[in-house]
Amino acid sequence: MSDLPLNEQMQIRIKKMQELEQMGVDTFGSRFCRTHSSQQIIDNFEQLEGQQTTIAGRVMAIREHGKACFATIADFDGQIQIYVRIDAVGEDQFAQFHLWDIGDIVGVDGEIFRTHRGEVSVKAAKLTFLSKSLRPLPEKWHGLKDVEIRYRRRYLDLIVNPEVKQAFVARSKIIRAIRHYLDNLDFLEVETPTLHHIAGGAAARPFITHHNTLDLDLYMRIALELHLKRLIVGGMERVYEIGRVFRNEGISIKHNPEFTMLELYQAYSDYNGMMEITENMISAVSKEVLGSDQIEYQGTPISLAAPWRRITMFDAIKEYAGVDFNIIKTDEEARQAAADLSIEFADNASRGDIINLLFEEKVEENLIQPTFVMDYPIEVSPLTKRKKDDPSLTYRFEAFIYGRELANAYSELNDPLDQRQRFERQMEQRAKGDEEANEADEDFLQALEYGMPPTGGLGIGIDRLVMILTDAASIRDVILFPTLRSRE
RNA sequence: GAGCCAUUAGCUCAGCAGGUAGAGCACCUGACUUUUAAUCAGGGUGUCCGGCGUUCGAAUCGCCGAUGGCUCACCA
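Conventions we followed
Residues numbered from 1 in each chain as written. Chains lettered and ligands numbered in written order. Predicted model: local features only at pLDDT ≥ 70, side-chain atom pairs only at ≥ 80, totals over all residues. Heavy atoms only, no water. Helix = DSSP H or I, 4+ residues; strand = E, 2+ residues; numbered from the N terminus. Buried < 20%, exposed > 50% of the residue type's maximum accessible area, 1.4 Å probe, protein only. Contact = heavy atoms within 4.5 Å. Pairing = 2+ DSSP bridges. Axes fitted to C-alpha atoms, helices over the stretch in contact; angles between N-to-C directions. Parallel < 35°, antiparallel > 145°, perpendicular 65-115°, else oblique. Left-handed = near helix turned anticlockwise from the far one by under 90°. Nonpolar A, V, L, I, M, F, W, Y, C, P; charged D, E, K, R; others polar. Patch = residues over 30% accessible without salt bridge, like charges linked within 9 Å, V, L, I, M, F, W, Y side chains within 5 Å. Areas by Shrake-Rupley, 256 points an atom, 1.4 Å probe, with all protein chains shown as cover. Salt bridge = Lys/Arg side-chain N within 4 Å of Asp/Glu carboxyl O. Lys, Arg positive; Asp, Glu negative; His and termini not counted. Charge placed at Lys NZ, Arg CZ, Asp CG, Glu CD. Near = heavy atom within 4 Å. Polar contact = N/O pair within 3.5 Å; in protein donor to acceptor, adjacent residues only side chain to side chain. 1 Å grid on protein atoms, 1.4 Å probe; cavity = no way out; pocket = protein on both sides within 12 Å on 5 of 7 lines; lining within 4 Å. Points joined across faces, edges and corners; volume = space filled by probe spheres on them.

K.L.:
What should I look at first to understand the environment of Pro482 in this one?
P.N.:
If you trace the backbone, Pro482 turns up in the segment after helix H15 (462-470). Taking relative accessible area as the criterion, Pro482 reaches 7% and is therefore assigned buried. Separated by 42 residues in the primary sequence, Pro482 and Ala440 have C-alpha atoms spaced 32 Å apart. If near-sequence neighbours (up to four positions away) are discounted, Pro482 is found in contact with Tyr151, Arg154, Asn256 and Arg476.

Encoded structure:
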């Protein structure tokens, strides 16, 4: 305590705490049984008026008024006012009340009533001090605006900015609704390792860690895919996992180094089945959590109602960039088309690379309403089944909302010989310096060699879905403790 | 990783042609038995993000650094 730097307000609070202790009050109390939450009392006032209640929460405001004072108590649901009269609580407790600070945690027994001004309140008969708050809270009116403090000390953000709590309640409901939806489709929720020998299933740089006893470098997973597909091989025909993945890349309004992915795999389905699940599940989740599938994101109305628009990548590029890859067949022609649009590309870029580039540069930002973009080039889809009618393309789609990728899905590549060739090409890319190219996973190949049924697989970025559904501008607004630099 | 912007009281912010810092809320003292951003009368509580420099003098100007935000790069 002595080496804690104390400002004036903290010194005063410690002094008040000591005075309470001298009065025999336990300033860090124990179990306390509540009968109602603040919101229950407010919602059911007609039935509860005149009855006794016991509430508890954090003191958010104190309005002293001589011998009859008011305070606002906040609990998880909301806030409720208490009315503290000297003739109702007695002189001793009234003296204790004057040692309360904003931020203290208290319990109150009393009668539910409505004040002359109409506010539902609790007329205190007994006050129970529960926990002392030694630091002054941010201001009640402007709240806490400093984003750095909001992220670093999220508990303060939660205490003083009520809408923040609502966003995280919504996040919880969204994930619950997804589980509910998938459970009803007989999907089995599973958990797979986060420590991987090979960081596969996506194109991303991994975090590296180390196991001491095994003296083994391990990777934090960048995707769930390869383990879940092993489970499909094992006969778990419908599986999903909602879990954290880690990608050692930049931080932005849309990116956090650790984020939550939903991946699901359904045997005997394909990417068409995955489109149906995606659009039906997201509209159902929106209805369950928000009561509607018509939402507004950052001022733009968005309809999540199924079915969503479906367009091939070629048609999308033709529409938004004016380039027709049905006609352009060679790498040379493709590079020329990119050059004509003043788009920079690598010297050795293939037709497929250029297709992907044009799409990202010219098309993505236009896909505001939910859109499935289908049939990605094989070069950027190393785990996806080839299209029968065009082996340069794959049965893969990505779903876009508000110009952002929200989901990625495909008919899973289950031909182990083709998969081996794809890995070999990825390894060539790695050898050329592409750190994000997939590493060959021999154990996964072996699993495929035992035979995997035709399967549809889907990945959805949960954080981005929550952003869309809660109208959050930044991914940090839907992650309780976003990654920040150390303050030390 | 690069560019731009920000950092002043517990919180929200002013102060910047350089003259050693202010407001509101919070806090302290007093008044008040139905207030609610309670009110009324008093009280300013500070490493002006850190360091170095320019200057008689720096919150203010310059350089270096820290942290955060936005944009770009990378990615989902």
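K.L.:
Is there a simple way to explain the sheet that holds strand S9 (residues 216-220) in this structure?
P.N.:
Hydrogen bonding along the main chain pairs the strands of a sheet, whether they run parallel or antiparallel. Strand order in this open sheet of three strands is S7-S9-S8, and the pairing throughout is antiparallel. At either margin of the open sheet sits one strand with a lone partner, and together these are strand S7 (195-196) and strand S8 (208-211). The pairing of S8 with S9 spans four bridges and is antiparallel. Bridging across to S9, His211 finds its partner in Leu216.

K.L.:
It is not clear to me how the sheet that holds strand S2 (residues 68-74) should be interpreted in this structure. Could you clarify?
P.N.:
The strand order S1-S2-S3-S5-S4 describes a closed barrel built from five strands, whose pairing is mixed. Ignoring which end each strand starts from, the neighbouring axes of this sheet average 55° apart. Judged from the seven bridges that link them, strand S1 (residues 52-63) and strand S4 (residues 105-114) form a sheet pairing that is antiparallel. Note on S4: the bridge partner recorded for Thr53 is Gly110.

K.L.:
Honestly, the packing of helix H7 (residues 162-184) against helix H9 (residues 271-290) in this entry has me stumped. Any pointers?
P.N.:
To describe two helices that pack against each other, one gives the angle between their axes and the distance between the axes. Running from amino to carboxyl end, H7 crosses H9 at an angle of 130°, the nearest separation of the two axes being 9 Å. Accordingly, the angle class assigned to the pair H7 and H9 is oblique. For the crossing formed where H7 meets H9, the hand is right-handed. Facing Ala170, Lys173, Ile174, Ala177, Ile178, His180, Tyr181 and Leu182 of H7, the residues of H9 in contact are Asn280, Met281, Ala284, Val285, Glu288 and Val289. The residue makeup of the contact of H7 with H9, split by class, is 10 nonpolar, two polar and two charged.

K.L.:
What exactly am I supposed to notice about a negative patch on the surface here?
P.N.:
On the surface, a cluster of negative charge is made up of Glu344, Glu360, Glu361 and Glu365. Of note, Glu361 is situated in helix H12 (residues 351-363).

K.L.:
I keep staring at the protein's contact with RNA strand B and nothing clicks. Help me out?
P.N.:
Around RNA strand B, a shell composed of 55 residues is seen, among which Glu119, Lys140, Glu148, His255 and Arg464 lie nearest. Considering RNA strand B, the proportion of its atoms within 4 Å of the protein that are sugar or phosphate atoms stands at 59%. With respect to RNA strand B, the side chain of Gln9 contributes an N or O atom lying 3.1 Å from a base nitrogen. Arg476 has a polar side-chain atom sitting 3.1 Å from a phosphate oxygen of RNA strand B. Listed by contribution, the elements that provide at least two residues to the surface near RNA strand B are helix H1 (8-22), S2, strand S3 (79-85), helix H4 (86-97) and helix H5 (147-152). The leading source of residues in the surface near RNA strand B is H5, at five residues.

K.L.:
Looking at this structure, I do not really get the environment of Glu442. What am I missing?
P.N.:
Inspection of the secondary structure assignment puts Glu442 in helix H14 (residues 442-449). The spacing of Glu442 and Phe423 is 19 residues in sequence and 9.5 Å in space, taken between C-alpha atoms.

K.L.:
In this structure, what is going on with the layout of surface pockets? I would like to understand it.
P.N.:
Any space left empty among the atoms is revealed by the rolling of a water-sized probe across them. Of the voids in this model, the second largest pocket is the one considered here, and its volume is about 680 Å³. What lines the second largest pocket is a set of 25 residues, and nearest its centre among them are Met60, Ala74, Leu158, Ile159 and Val160. Sorting the residues of the lining of the second largest pocket by element identifies S1, S2, helix H6 (154-160) and H7 as the ones contributing at least two each. Considering only residue class, the lining of the second largest pocket consists of 14 nonpolar, four polar and seven charged.

Scope: geometric values only; no functional claims are made or implied.
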